[in-house]
Amino acid sequence: GRDGRVVLVAEAVLAGAVSEVSQVSLYALFEDAAQRHPDAPAVISDALVLSYAQLRGAASALGARLRQAGCREGELVAVIADKGWEQIVAVMAVL
């Protein structure tokens with residue numbers, strides 16, 4: 001799965017097999033994909049499928065609620081959730 005690939009990349013970096021890691025942020029990669037493929041599936045779960053546009057909208061709405069609740073840019077925000085689409089929305093909202 002994708003999680004295994006992330007671990008393999010991290011292990012390769014630590015072992016010196018990869019000399020450079022992209023400095024592009026996860027959020028920038030997400031925004032690029034959302035602009036290029038807004039209707040493509042971004043999250044697929046047993047409960048639902050979210051397109052990149054839907055994920056962006058849900059994350060933006062949650063981000064706005066967090067700002068209204070007093071969260072500010074640069075502050076740490078914990079995401080405590082069971083694995084699922086809600087967790088992904090929350091992570092994207094706090095980036």
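See the structure printed just above.
Residues numbered from 1 in each chain as written. Predicted model: local features only at pLDDT ≥ 70, side-chain atom pairs only at ≥ 80, totals over all residues. Heavy atoms only, no water.

Here the focus is the packing of aromatic side chains. Taken as a whole, this structure holds 2 aromatic pairs when the rule is applied. When the ring of Y27 is compared with that of F30, the centres are 6.4 Å apart and the planes differ by 50 degrees; the resulting orientation is tilted. Of this pair, Y27 and F30 are both found in helix α2 (residues 26–36), 3 residues apart, which corresponds to roughly one turn of the helix. A relative accessible area of 8% means that F30 is categorised as buried. For the pair F30 and Y52, a centre-to-centre distance of 6.1 Å together with 40 degrees between the ring planes defines the contact as tilted. Taken together, the residues span a long stretch of sequence, with F30 in helix α2 and Y52 in helix α3 (residues 52–68) at a distance of 22 residues. Look at Y52 and you get partly exposed, because its relative accessible area is 21%. One aromatic cluster is present, formed by Y27, F30 and Y52 through successive ring pairs. (Phe/Tyr/Trp six-rings, centres within 6.5 Å; stacked < 30°, edge-to-face > 60°. Helix = DSSP H or I, 4+ residues; strand = E, 2+ residues; numbered from the N terminus. Buried < 20%, exposed > 50% of the residue type's maximum accessible area, 1.4 Å probe, protein only.)

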